[in-house]
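# Residue-level structure breakdown
One-letter residues, chain by chain:
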Amino acid sequence: IAGLTVIHLALLHKDGSNNPLGVDSGVDKIPFYPYFFVKDLFAFFCFLLFFGIFVFYFPNSLGHPDNYIPADPMQTPAHIVPEWYFLPFYAILRSIPDKFGGVAAMGGSLLVLLLIPFTNTSEIRSTAFRPIFKIFYWLIVADFLILGWIGQKPVKDVFVLVGQI
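Let me begin by describing the structure that accompanies this report. Please read all numbers here as calculations on a predicted model, not as lab measurements. (Residues numbered from 1 in each chain as written. Predicted model: local features only at pLDDT ≥ 70, side-chain atom pairs only at ≥ 80, totals over all residues. Heavy atoms only, no water.)

## Focus on the packing of aromatic side chains
Using the criterion set out here, one finds six aromatic pairs in the structure. On the numbers, 5.4 Å between centres and 80° between planes, the contact of Trp84 with Tyr85 is edge-to-face. Judged by relative accessible area, Trp84 falls into the exposed class, the value being 59%. The exposure class of Tyr85 is partly exposed, given its relative accessible area of 40%. Ring geometry for Tyr137 against Trp138: centres 5.1 Å apart, planes inclined by 75°, an arrangement best described as edge-to-face. With relative accessibility at 56%, the residue Trp138 sits in the exposed group. Each residue in the set Trp84, Tyr85 and Phe86 is aromatic and connected to the rest through ring pairs, giving one cluster. In this arrangement the basic side chain of Arg130 is found over the ring face of Phe133, its NZ or CZ atom lying 4.3 Å from the centre. (Phe/Tyr/Trp six-rings, centres within 6.5 Å; stacked < 30°, edge-to-face > 60°. Buried < 20%, exposed > 50% of the residue type's maximum accessible area, 1.4 Å probe, protein only. Lys NZ or Arg CZ within 6 Å of the ring centre and 35° of its normal.)

## Structural notes on the packing of helix H5 (residues 131-152) against helix H6 (residues 157-164)
One way to put it is that H5 packs onto H6 with a least axis distance of 10 Å and a crossing angle of 155°. One element, H5, and the other, H6, form an angle in the roughly antiparallel class. Between H5 and H6 the crossing geometry is left-handed. Contacts from Ile146, Leu147, Trp149 and Ile150 of H5 reach H6 at Phe159, Val162 and Gly163. Considering only residue class, the contact of H5 with H6 consists of six nonpolar, one polar and no charged. (Axes fitted to C-alpha atoms, helices over the stretch in contact; angles between N-to-C directions. Helix = DSSP H or I, 4+ residues; strand = E, 2+ residues; numbered from the N terminus. Parallel < 35°, antiparallel > 145°, perpendicular 65-115°, else oblique. Left-handed = near helix turned anticlockwise from the far one by under 90°. Contact = heavy atoms within 4.5 Å. Nonpolar A, V, L, I, M, F, W, Y, C, P; charged D, E, K, R; others polar.)

## Notes on the nonpolar core
Of all hydrophobic cores here, the largest spans six residues; its members are Phe89, Ala91, Ile92, Leu147, Ile150 and Phe159. Of all the secondary structure elements, the ones that give two or more residues to this core are helix H3 (87-95) and H5. Discounting residues that sit within four places of it in the chain, Ala91 has contacts with Leu147, Ile150 and Gly151. (Core = buried A, V, L, I, M, F, W, Y, C linked by side-chain atoms within 4.5 Å.)

## Considering the environment of Ser95
Residue placement: Ser95 occurs in helix H3. Each C-alpha atom of the pair Ser95 and Phe159 lies 8.4 Å from the other, and the pair is 64 residues apart in sequence. Discounting residues that sit within four places of it in the chain, Ser95 has contacts with Val160, Gly163 and Gln164. Of the polar contacts made by the side chain of Ser95, one reaches the backbone oxygen of Ala91; its length is 2.7 Å. (Polar contact = N/O pair within 3.5 Å; in protein donor to acceptor, adjacent residues only side chain to side chain.)

## A closer look at the layout of surface pockets
In this structure, the largest pocket occupies an estimated 630 Å³ of space. Every residue lining the largest pocket is counted, 19 residues in all, and those nearest its centre are His64, Asp66, Asn67, His79 and Val81. When its residues are assigned to classes, the lining of the largest pocket shows 10 nonpolar, six polar and three charged. (1 Å grid on protein atoms, 1.4 Å probe; cavity = no way out; pocket = protein on both sides within 12 Å on 5 of 7 lines; lining within 4 Å. Points joined across faces, edges and corners; volume = space filled by probe spheres on them.)

What follows is the structure, encoded as structure tokens:
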């Protein structure tokens with residue numbers, strides 16, 4: 001991630017950024033360095049300070065209470081769930097009875113997310129002029145949240161059915 005961030009900043013430095021509407025205009029441009037660089041550096045150090053406070057002073061405040069239960073090697077916990085960012089994919093795997101089908105559906109969901117940037121070929125890159133894209137964007141967000149909710153629920157017919165829909 002750090003390498004991709006450096007590449008992103010280098011491309012911003014080389015090509016510049018566009019305005020919120022996505023319309024290319026060569027007037028009134030502000031150079032990337034020092035204006036945006038200093039602003040990004042300030043934001044990075046603010047995040048680092050905020051993150052450092054949690055890491056060094058309150059390390060257990062964001063932990064899950066189940067992590068403090070002593071492990072019992074003779075008994076598997078009744079309800080194991082992955083981290084929140086894996087829950088939608090876990091729900092996809094659980095909702096499809098066939099193992100290969102579940103893996104294919106999970107891979108297909110990732111492939112769809114990777115192909116989204118290449119579907120728009122218009123000159124204006126903003127979503128302000130693309131109402132259908134806005135609808136589908138919010139459908140994907142809602143789908144992610146619903147699948148995340150389903151992924152943390154126990155394996156019951158109701159939750160499996162909602163995950164399949």
